[in-house]
Amino acid sequence: MKINILAIEKYLPGTAITSEKLDVIAQGKIGRIEKNTGVQYRYHVAKNENVCDMGAKVLKQALLKANLQAKDIDLLIFAGASFDYPVPHNSVIIKSKITDDKVNFPCLDIDTTCLSFLNALDVAHLYLQSKRYKRIAIVCSEIASKCLTPANEKVFGLFGDAAVAMILESSQTIGYTPIYTHFENYPSGALHAHVPLGGVVNRGHESTALDEGYYFNMDGKNLIRLTTKHINQFVAKMENDIAVKIQNFDKIITHQTSKYGNEFFLRNFNLKADKVVETLSFYGNCISASIPLGLEHFIKNNSALNNKKILLLGTGAGLTLGSMVLEF
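Residues numbered from 1 in each chain as written. Predicted model: local features only at pLDDT ≥ 70, side-chain atom pairs only at ≥ 80, totals over all residues. Heavy atoms only, no water.

### Considering the overall build of the chain
Link 1 in the chain: Within the chain, the regular secondary structure consists of 10 helices and 14 strands.
Link 2 in the chain: For the chain, the C-alpha radius of gyration of 19 Å lies close to 20 Å, the compact-globule estimate for 328 residues.
Link 3 in the chain: In terms of overall dimensions, the chain has a C-alpha envelope of 55 × 50 × 35 Å along the principal axes.
Link 4 in the chain: Per-residue burial for the chain yields a buried fraction of 54% across its 328 residues.
Link 5 in the chain: For the chain, the proportion of contacts with a sequence separation of at least 24, taken over those separated by at least 6, is 74%.
Link 6 in the chain: Counting every atom, the chain has about 15,500 Å² of accessible surface; 51% of that belongs to carbon and sulfur.
Link 7 in the chain: For the chain, the centre of its 35 positive side-chain charges and the centre of its 31 negative side-chain charges are spaced 4 Å apart. (Helix = DSSP H or I, 4+ residues; strand = E, 2+ residues; numbered from the N terminus. Rg over C-alpha atoms; globule rule 2.2 N^0.38 Å. Buried < 20%, exposed > 50% of the residue type's maximum accessible area, 1.4 Å probe, protein only. Contact = heavy atoms within 4.5 Å. Areas by Shrake-Rupley, 256 points an atom, 1.4 Å probe, with all protein chains shown as cover. Lys, Arg positive; Asp, Glu negative; His and termini not counted. Charge placed at Lys NZ, Arg CZ, Asp CG, Glu CD.)

Next up, the structure:
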């Protein structure tokens, strides 16, 4: 059985924001944010726009592209780290924005931060292959901008807001086959990417609205150390399991962690730049939306996908490594 991508669409809020504009907001040297992050542009939501608004907009785009209605979906999966409310989960709110109780397909959320899309895609594959569902929509919608502070300039300039929706359908004749999926977790990095306030450990009742604990904080150096410690054996296992060297994939789509991360990946595995889909400079790090943004870019710019092997690869807070190979 194959899996056919009926539609994959992106939504970018507002207009592109230059790094120079963020330099001014952060009261830093002009040009420093782009130099440090590699991000030229990113998108930020307006004050009144939220996660589920973006998710509903991009899902409507995908349904229109696929010539489908909400009733034609068997399952909706929201994949991402951003949320409008602790309860209820995003997928049910997104559904409420596109249909009513006459349409009763189930909804679920998957949050493994930056690897949420890969985990959701893995779950969708298993459901489709088991024939429980025939058609599944995955929505990633991430708003990082409201969790960033210019006091932390490197993080402030790195992230962007974006949403992507993909509709998958089981097929006997067209589409791709997922030939490999693998995840590993290294818990020594559990708190290297962290929002300290807002949960049960510290609800923030005694904190002021300006407390930096409400903002995303990332220990970039230790995350890089932990990733580089394990990435070679992680890739070697994949190469051994499917007998394909990383250099021989037709295209590689990675989670866009940072300028250093992208450069290290190319250098470490001796890859040419055109082998990897790069979206960091145009969108920033968009958390779970980064990989599907790269996939959307690749699919929209390649009319002939037959006989191509595509590697999806990334890291998530925790620290988790994830990879998936799609053979068209």
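### Structural notes on the side chain of Asp 161
Link 1 in the chain: Its place among the elements puts Asp 161 in the loop between helix H6 (153-156) and strand S7 (162-171).
Link 2 in the chain: The buried charged residue Asp 161 lacks any salt bridge partner; its closest oppositely charged side chain belongs to Lys 146, at an N-O distance of 7.7 Å.
Link 3 in the chain: Among the polar contacts listed, one links the side chain of Asp 161 to the backbone nitrogen of Val 45, at a separation of 2.9 Å.
Link 4 in the chain: Sequence-distant contacts of Asp 161, that is, excluding residues within four places in its chain, are made with Leu 12, Pro 13, Tyr 43, His 44, Val 45, Glu 142, Ile 143, Ala 144, Ser 145 and Cys 286. (Salt bridge = Lys/Arg side-chain N within 4 Å of Asp/Glu carboxyl O. Polar contact = N/O pair within 3.5 Å; in protein donor to acceptor, adjacent residues only side chain to side chain.)

### Brief notes about the pairing of strand S4 (residues 75-79)
Link 1 in the chain: Of all five residues in S4, five are buried, a share of seventy percent or more.
Link 2 in the chain: Going residue by residue along S4, you find Leu 75, Ile 77 and Ala 79 tucked away on one face and Leu 76 and Phe 78 tucked away on the opposite face as well.
Link 3 in the chain: As defined by bridge partners, S4 adjoins strand S6 (residues 135-142) across four bridges and the pair is classed as parallel. In the sheet register, Ile 77 faces S6, and the bridge partner there is Ile 138.
Link 4 in the chain: Pairing of S4 with strand S5 (residues 107-110), which is carried by four bridges, proceeds in the parallel orientation. Paired with Ala 79 across the two strands is Ile 110, which belongs to S5. (Pairing = 2+ DSSP bridges.)

### Focus: the sheet that holds S6
Link 1 in the chain: Reading across from one edge, S1-S7-S6-S4-S5 is the order of the five strands in this open sheet, with mixed pairing throughout. Two strands in the sheet have a free side with no partner beyond their single neighbour: strand S1 (2-11) and S5. Within the sheet, the average angular offset between the axes of one strand and its neighbour, ignoring direction, is 20°.
Link 2 in the chain: Alignment of S1 against S7, held across nine bridges, turns out to be antiparallel. Within the sheet, the bridge partner assigned to Lys 2 lies in S7 and is Ser 171. (Axes fitted to C-alpha atoms, helices over the stretch in contact; angles between N-to-C directions.)

### Overview of the pairing of S7
Link 1 in the chain: For S7, the buried fraction is high: 10 of the 10 residues fall into the buried class.
Link 2 in the chain: Of the two faces of S7, the one carrying Ala 162, Val 164, Met 166, Leu 168 and Ser 170 and the one carrying Ala 163, Ala 165, Ile 167, Glu 169 and Ser 171 are both buried.
Link 3 in the chain: Note: S6 against S7, eight bridges, orientation antiparallel. Bridged to Ile 138 within S7 is Met 166.

### Remarks on the pattern of salt bridges
Link 1 in the chain: Under the counting rule described, the total for this entry stands at 11 salt bridges.
Link 2 in the chain: Residues Lys 97 and Asp 53 are paired through a salt bridge, measuring 3.0 Å at the closest nitrogen-oxygen approach. Note that Lys 97 is positioned in the loop between helix H4 (90-96) and S5 and Asp 53 in helix H3 (residues 51-65), a separation of 44 residues in sequence.
Link 3 in the chain: The class for Lys 97 is partly exposed, based on a relative accessible area of 36%.
Link 4 in the chain: The closest approach of N and O atoms between Asp 72 and Lys 71, which form a salt bridge, is 3.4 Å.
Link 5 in the chain: Overlapping salt bridges bring together Glu 9, Lys 10, Glu 296 and Lys 300 as one network.

### As for the state of the cysteines
Link 1 in the chain: Under the definition given, this model contains zero disulfides.
Link 2 in the chain: Of all cysteine sulfurs in the structure, the one in Cys 107 sits closest to Cys 52, which takes part in no disulfide; the separation is 11 Å.
Link 3 in the chain: Looking at Cys 140, it has no disulfide partner, and the nearest cysteine sulfur is the one in Cys 286, 11 Å off.
Link 4 in the chain: For Cys 140, a relative accessible area of 1% translates into the label buried. (Disulfide = S-S within 2.5 Å.)

### Regarding H3
Link 1 in the chain: With 15 residues, H3 should cover 21 Å at 1.5 Å per step; its first-to-last C-alpha distance of 21 Å lies within 8% of that length.
Link 2 in the chain: Listed in full, the buried residues belonging to H3 are Val 51, Cys 52, Asp 53, Met 54, Gly 55, Ala 56, Val 58, Leu 59, Ala 62 and Leu 63.
Link 3 in the chain: In this fold, the buried residues of H3 make contact with S1, S4, H4, S6 and S7.
Link 4 in the chain: One or two residues past the end of H3 sits Asn 67, with phi positive at roughly 60°. (Expected span 1.5 Å × (residues − 1).)

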